[in-house]
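# Commentary on secondary and tertiary structure
Here is how the chains run, residue by residue.
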Amino acid sequence: MIQAKCSRYLQRGQPARRTPIINRDDYTIVATYGAEYRGIVQYYLLAGDVQRLHRLRWVMLSSLLRTLASKHHSTPTRMARKHQAKIITPSGPRVCFEATLHREGRKPLVARFGGIPLQRQKTAVIDDRQPDGLHHPRKELITRLLKRRCELCEQTGHMNVHHVRTLAELGPPGPTQPAWAAVMARRKRKALVVCDTCHDHIHAGQPTTLTA
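I will try to describe carefully the structure that is included in this document. (Residues numbered from 1 in each chain as written. Predicted model: local features only at pLDDT ≥ 70, side-chain atom pairs only at ≥ 80, totals over all residues. Heavy atoms only, no water.)

### Thoughts on the sheet that holds strand β3 (residues 84-89)
Using the following cut-off: Here, strands pair whenever DSSP counts at least two bridges between them. Strands are runs of DSSP state E lasting at least two residues, helices are runs of H or I lasting at least four, and both sets are numbered from the N terminus onward. To get an axis, fit a line to the C-alpha atoms, keeping to the stretch in contact for a helix; angles then go from 0 to 180 degrees between the N-to-C directions. Here a residue-residue contact requires only that any non-hydrogen atoms of the pair lie within 4.5 Å.
The three strands are arranged β3-β4-β5 in an open sheet whose pairing can be described as antiparallel. Each having just a single partner strand, β3 and β5 (106-114) make up the two edges of the open sheet. Between one strand and the next, the sheet's axes are offset by a mean angle of 50°, whatever the strand orientation. Here β3 runs beside strand β4 (residues 92-103); their pairing, made up of six bridges, is antiparallel. The partner of Q84 across the bridge, within β4, is F97. Together, β4 and β5 form the strand contacts of helix α2 (residues 26-43), whose direction differs from that of β5 by roughly 50°.

Here is the structure:
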């Protein structure tokens, strides 16, 4: 597990900077590493050998400092001096690394990496919550397809979706505009759910049966 978790922060076996987040502010970078490290450690606090996560902490910290150093064109050592702090925990003082986001007229935000004692907690509770099943409403086009009813002739069965890239492709309104194009223009839709027959007539330029 430790090898798998470390691999995300390694390149050719050595801790490396994380280029995708290098342009973010210091607070966000430290907060990202801190949240990832904290989540792993808290999950494994029941393990009898949780102290072996020191390896993961070193790899992640080295990657964090190299990311900050690359951002500021500095060195990891200077970044360590700048962000190092000491906090008090139930197990005594611990060294961590912090970044502060100052906000005008409000309390500053502090992001922290480390500072978690790697000591087994027999009373630790792992709360693996089940997904709450958030309801995501279907897209309107999917709802129309599920009705399995042609929007031109109202026949039921297998449906197709006829697309146009822009409403301008439907042409000007009038007697020369096809019935299917008039329906799409009236509804301001670039997609029309039609049966196989109407779909063939559209592409063949033949009149379609319009009941909508």
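### Overview of the pattern of salt bridges
Selection criterion: Salt bridge criterion: a side-chain nitrogen from Lys or Arg within 4 Å of a carboxyl oxygen from Asp or Glu. For the exposure calls, accessible area comes from a 1.4 Å probe over protein chains only, and a residue counts as buried if that area is under 20% of its type's maximum, exposed if over 50%, partly exposed in between.
Taken as a whole and judged by the stated rule, the model has 11 salt bridges. A salt bridge links R144 to E151; the shortest N-O distance between them is 2.8 Å. The salt bridge involving R187 is made with E151; its shortest N-O contact spans 3.4 Å. Taken as a pair, R187 in helix α6 (residues 179-187) and E151 in the loop between α5 (140-146) and β6 (159-163) lie far apart in primary sequence, 36 residues in all. By relative accessible area, which is 11% here, E151 ends up buried. Within the structure, one salt-bridge network assembled from shared partners comprises E140, R144, E151, R187 and R189.

### A word on the environment of C195
Relative to the helices and strands, C195 is located in strand β7 (residues 191-195). As for C195 and Q51, which are separated by 144 residues in sequence, their C-alpha atoms are 65 Å apart. In contact with C195, not counting residues within four places along its chain, are C150, C153, H158, M159 and N160.

### Concerning the state of the cysteines
Quick note on the threshold: Pairs of cysteine sulfur atoms within 2.5 Å are what we label disulfides.
What the rule picks out here adds up to zero disulfides. Free of any disulfide, C153 has its nearest cysteine sulfur in C150, 3.6 Å distant.

### A short note on unusual backbone geometry
Notably, H73 is not glycine yet its phi reads approximately 55°, a positive angle. Inspection of the secondary structure puts H73 in the loop between α3 (54-72) and α4 (76-83). The backbone of R148 sits at a positive phi, close to 55°, despite the residue not being glycine. Looking at the secondary structure, you find R148 in the loop between α5 and β6.

### A word on the nonpolar core
Going by this rule: Side-chain atoms within 4.5 Å are what join buried Ala, Val, Leu, Ile, Met, Phe, Trp, Tyr and Cys residues into a set we call a nonpolar core.
One finds V30, Y33, L53, M60, L64 and F113 to be the most contacted residues of the largest nonpolar core, which totals 28 residues. Every element with two or more residues in this core is listed here: α1 (2-7), α2, α3, α4, β4 and β5. Sequence-distant contacts of V30, that is, excluding residues within four places in its chain, are made with L64, L68, F97, A99, A111, R112 and F113.

### Some details on the pairing of β7
Of all the five residues making up β7, five are buried; the element is thus mostly covered by neighbouring parts of the structure. Where β6 meets β7, five bridges bridge the pair, whose relative direction is antiparallel. Bridge pairing in β7 places H162 opposite L192.

### Describing the packing of aromatic side chains
For clarity, the cut-off: The rule is short: rings of Phe, Tyr and Trp, with Trp giving its six-membered ring, pair when the centres are within 6.5 Å, and they are stacked under 30 degrees, edge-to-face over 60, tilted in between.
Taken as a whole, this structure holds three aromatic pairs when the rule is applied. Note on Y9 and Y33: the rings are 5.8 Å apart at their centroids and 40° apart in plane angle, and the pair reads as tilted. Note that Y9 is positioned in the loop between α1 and β1 (10-11) and Y33 in helix α2, a separation of 24 residues in sequence. According to the relative accessible area criterion, Y9 is buried, its value standing at 3%. On the accessibility criterion, Y33 (0% relative accessible area) is buried. Plain terms: the ring middles of Y37 and F113 are 5.0 Å apart, the flat faces sit at 40° to each other, and that makes the pair tilted. Remark: F113 occurs in strand β5 and Y37 occurs in helix α2; sequence separation between them is 76 residues. We classify F113 as buried; its relative accessible area is 0%.

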